[in-house]
Amino acid sequence: MKITVAGTGYVGLVTGVSLAEIGHQVICFDINEQKVKELQAGRSPIYEPGLEEMLCSNMNGKRIYFTSNAEYAYKEADLIIIAVGTPENDDGSANLSYVRLVAEDIAKYSRQEEIIIVTKSTVPVGTNEKVKKWVDEESSKRFKKIHIVSNPEFLREGSALYDTFNGDRIVVGTDCKEVAMKMDELYGPLNIPIIHTDIESSEMIKYASNAFLATKISFINEIANICEKVGANIDDVSRGIGMDQRIGPKFLQAGVGYGGSCFPKDTKALVQLAGDVHHRFHLLEAVINVNNNQPLLLIQKAREIVGTFEHKKVAILGIAFKPNTDDIRESASLVLIKELINEGAIITVYDPIATYLAKQVLGENVLYSSSIDDAINDADITFIATEWKQVVNYPLNKYVSLMKDPIIIDGRNCYPLASIRKENITYVSVGRETLYREDKIVIK
Ligand SMILES: NC(=O)c1ccc[n+]([C@@H]2O[C@H](COP(=O)([O-])OP(=O)(O)OC[C@H]3O[C@@H](n4cnc5c(N)ncnc54)[C@H](O)[C@@H]3O)[C@@H](O)[C@H]2O)c1
């Protein structure tokens, strides 16, 4: 099969490289010429552990090619995987304009009579049928057969390659048995269970999965917020809940809230999708509200300690929405930064990987540090927004020696309270007792 992947972002690039790694011949197409040039030179435009090495080895093996020429990409492709972005519209619904562009290009440039179009982008129920209609109409019904397959992606940024080769399941939604068998062939070497469904169910599985995980996060954050008020400890509560096999321990880490390019937009899109069929998704609306409020609660707790942020020097550790990725889309850190700037803080940010992207978004509104030492030096207050290992392993006594006043607002519960108790630090975390500097017996 001649495979073309449309879009070389986190999903498209990882998909293309992984398919090449298991022996397929792949062309990756992107409209971003700069990205394609970098890829052609063997450089990954995104940070993802192991990706650049695998990319280069498959380029050397001549199993993967990159192009910004749509005709070259689609002319002879038998199977096209759509992996372009589906950002949110102003009303929260999914913006399908990039998907539509791919459909138009396929219609224009494919010279095949029969084609399989696989949608990996996260799209609302009914979109695959729309893709078929767009291709059919734009090509003046030239194709003898257009097969559509919904094949949602479940990789996590930061461990995208690992997830692709060790996924829990692959979901394939199609109404054609032969095409289902071709998808089995495509993914066979991965040895991952494949679930076959109809197209609509497959589309829904993706949104339901993300909505459920977001719900778990907002749920534990609300429990954490209550823990603070009743004197319980969320670490113990999460462990106690998570050991119940019906619940499981994952996604029970309380914190400043979820971010990234998927959960925020996918939860909103599902609320919108439900609204379109006259169903108000009360539960998911609450999940979104809790998440929006979580960074503000952290700021409120900090405000109670420092009074005002006006002219205060604030260090922010972490801009990426989670560790091991450079993705800063919808990161909780950006919410904190925006709010603190509004309140007059002077902000210095540190992130081991994502600073170059932060500069594009935050410009000169903040200062940038290349080390934690520099970021917290002389700071009045430090916020932790991403649990990078550099932050988790940072010696606590350095907050004491470098900051003007060692006040840490930890949005990721990076440090055990027992360790903090050994230092003269004021420490606010999520769902745990706040430790005040004055209360401490300093053990040096
Ligand atoms: N990032 C994730 O962790 C993740 C996980 C699962 C699913 N998804 C979904 O996968 C899709 C892609 O997400 P992403 O994070 O990889 O996006 P991304 O923004 O990183 O990449 C999208 C790429 O598509 C390219 N593009 C746009 N229009 C194009 C066109 N007409 N033809 C070819 N290329 C085009 C862009 O230039 C960009 O390089 C989204 O629907 C997202 O919701 C993402």
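Residues numbered from 1 in each chain as written. Predicted model: local features only at pLDDT ≥ 70, side-chain atom pairs only at ≥ 80, totals over all residues. Heavy atoms only, no water.

Under the convention used in this document: UniProt positions are given in the numbering used here, feature names are shortened, and annotations may be inferred rather than shown by experiment.
For the protein, the name recorded in an unreviewed UniProt entry is UDP-glucose 6-dehydrogenase, with Metabacillus litoralis as its organism. Taken verbatim from the UniProt record of the protein, the Catalytic activity (unreviewed entry) comment is "UDP-alpha-D-glucose + 2 NAD(+) + H2O = UDP-alpha-D-glucuronate + 2 NADH + 3 H(+)". UniProt, in its Pathway (unreviewed entry) section for the protein, records the words "Nucleotide-sugar biosynthesis; UDP-alpha-D-glucuronate biosynthesis; UDP-alpha-D-glucuronate from UDP-alpha-D-glucose: step 1/1."

### Here's the deal with the overall build of the protein
Selection criterion: Helix numbering and strand numbering both begin at the N terminus, where a helix is a DSSP run of H or I of at least 4 residues and a strand a DSSP run of E of at least 2. Each residue gets one of three labels from its accessible area relative to the maximum for its type: buried under 20%, exposed over 50%, partly exposed in between, using a 1.4 Å probe on protein chains only. Any two residues whose heavy atoms approach within 4.5 Å are treated as being in contact.
Counting secondary structure elements, the protein contains 18 helices and 14 strands. Counting only C-alpha atoms, the protein reaches 80 × 45 × 40 Å along its principal axes. A total of 444 residues make up the protein; the buried ones form 53% of that total. In the protein, of all internal contacts separated by at least 6 residues, the share reaching a separation of at least 24 is 70%.

### Some points on empty space enclosed by the protein
Here is the rule we go by: Buried and open spaces are told apart on a 1 Å grid over the protein atoms alone, a cavity being a set of points where a 1.4 Å probe fits but cannot get out and a pocket being an open set with protein on both sides within 12 Å along at least five of seven lines. Residues with an atom within 4 Å of a point are the lining residues. Grid points are joined across faces, edges and corners, and a volume is the space filled by probe spheres set on the points. Residue classes follow a fixed rule: Ala, Val, Leu, Ile, Met, Phe, Trp, Tyr, Cys and Pro count as nonpolar, while Asp, Glu, Lys and Arg count as charged, and any other residue, Gly among them, counts as polar.
According to the stated counting rule, one finds two cavities of 30 Å³ or more in the structure shown. Lining the largest cavity, in full, are T119, S121, T122, V123, N128, S150, P152, E203 and K206. Partitioned by chemical class, the residues of the lining of the largest cavity number two nonpolar, five polar and two charged. Counted as a void, the second largest cavity has a volume near 40 Å³.

### Concerning the domain arrangement of the protein
Put simply, the rule is: Domain boundaries shown here were taken from an automatic or database domain assignment. Two parts placed together each lose some accessible area under a 1.4 Å probe, and the buried area is that loss summed for both. We define a salt bridge as a side-chain nitrogen of Lys or Arg found within 4 Å of a carboxyl oxygen belonging to Asp or Glu. For this analysis, a polar contact is any N or O atom pair within 3.5 Å, provided that within protein one partner can donate a hydrogen and the other can accept it, and provided that sequence-adjacent residues contribute only side-chain to side-chain pairs.
Annotation of the protein at the domain level lists domain 1 (2–196) and domain 2 (198–444). The gap between the C-alpha centroids of domain 1 and domain 2 is 33 Å. Contact residues are listed per partner, giving 35 residues for domain 1 and 27 residues for domain 2. In total, about 2400 Å² of surface goes out of reach between domain 1 and domain 2, with carbon and sulfur atoms giving 56% of it. Per-residue buried area on domain 1 facing domain 2 is highest for Y47, V125 and E157; these three make up 26% of the total on that side. Taken together, the links from domain 1 to domain 2 amount to two salt bridges. Of the charged contacts in the structure, one is a salt bridge between E157 and R329, with a shortest N-O distance of 4.0 Å. Linking domain 1 with domain 2 are 14 residue pairs in polar contact (both at pLDDT 80 or more). Within the residue set of the side of domain 1 that touches domain 2, elements represented by two or more residues are α6 (127–138), β6 (145–150) and β7 (170–173). By residue class, the composition of the side of domain 1 that touches domain 2 is 15 nonpolar, twelve polar and eight charged.

### Points about the pairing of strand β9 (residues 313–317)
Filter applied, for reference: A crossover counts as right-handed when, viewed with the strands pointing away from the observer, the path leading from the first strand over the helix to the second turns clockwise. Strand pairing is defined by DSSP finding a minimum of two bridges between the two strands.
Burial runs high along β9: four of the five residues are buried. With respect to chirality, the unit in which β9 leads through helix α13 (residues 332–342) into the neighbouring parallel strand β10 (residues 346–350) is right-handed. Relative to strand β12 (residues 381–384), β9 runs parallel, the two sharing four bridges. Bridge pairing links V314 to I381 in β12.

### With respect to the site of the ligand
For clarity, the threshold we go by: Think of it this way: one heavy atom of a residue within 4 Å of a molecule or strand is enough to make that residue near it. Accessibility throughout is a Shrake-Rupley quantity obtained with a 1.4 Å probe, and a residue counts as covered only by protein chains that appear here.
D30, K35, T86, E157 and K265 are the nearest of the 26 residues found near the ligand. V11 places a main-chain nitrogen or oxygen 2.8 Å from an oxygen atom of the ligand. The contact in question runs from an oxygen atom of the ligand to an N or O atom on the side chain of K265, over 2.6 Å. Contact with the protein chains covers 91% of the free accessible surface of the ligand, which is 840 Å². The set of elements that each furnish at least two residues to the shell around the ligand consists of α1 (10–21) and α5 (97–109). Ranked by the residues each element gives to the shell around the ligand, the list is headed by α5, at three residues.

### Comments concerning the sheet that holds β9
To be explicit about the condition: Note on geometry: axes are C-alpha line fits, over the in-contact stretch for helices, and angles between N-to-C directions span 0 to 180 degrees.
Spatially, β11-β10-β9-β12-β13-β14 is the arrangement adopted by the six strands of the open sheet, whose pairing is parallel. Edge positions in the sheet fall to β11 (367–369) and β14 (426–428), since each of these pairs with one other strand and no more. When strand polarity is set aside, the average angle formed by the axes of neighbouring strands in this sheet is 20 degrees. Direction of pairing for β10 relative to β11: parallel, over a ladder of three bridges.

### A few points about the pattern of salt bridges
Summed over all chains, the structure comprises 21 salt bridges. A salt bridge links E76 to K2; the shortest N-O distance between them is 3.2 Å. Taken together, the positions of E76 in the loop between α4 (70–74) and β4 (79–82) and K2 in strand β1 (residues 2–6) put the pair 74 residues apart, joining distant regions of the chain. You can call E76 partly exposed: its relative accessible area is 43%. Residue classification places K2 among the partly exposed residues on the basis of a relative accessible area of 46%. Two residues, K265 and D266, come together in a salt bridge whose shortest N-O distance is 2.8 Å. You'll find K265 and D266 in the same group, each marked buried.

### A short note on the packing of aromatic side chains
Condition: When the centres of two rings from Phe, Tyr and Trp lie within 6.5 Å, Trp using its six-membered ring, the rings pair. Their planes under 30 degrees apart give stacked, over 60 give edge-to-face, and anything left gives tilted.
Applying the stated criterion across every chain, the model contains seven aromatic pairs. Consider the rings of F309 and F383, whose centres lie 6.4 Å apart with planes at 50 degrees: the pair is tilted. With F309 in the loop between α12 (282–306) and β9 and F383 in strand β12, this pair connects stretches of sequence that are 74 residues apart. No difference in accessibility class separates F309 from F383, as the two residues are buried. Consider the rings of Y415 and Y427, whose centres lie 6.3 Å apart with planes at 50 degrees: the pair is tilted.

### Considerations on the nonpolar core
Formally: Residues belong to one nonpolar core when they are buried, are Ala, Val, Leu, Ile, Met, Phe, Trp, Tyr or Cys, and are joined through side-chain atoms within 4.5 Å.
Ranked by size, the top nonpolar core spans 59 residues in total, and within it F309, F383, Y399 and Y415 carry the most contacts. Counting residues per element, this core draws most heavily on α13, at five residues. Setting aside residues up to four positions removed in sequence, Y399 forms contacts with L317, I376, T382, I384, V391, Y394, P406, I408, Y415 and I425. One finds A6, Y109, I117 and V123 within the second-largest nonpolar core, a separate group that totals 39 residues.

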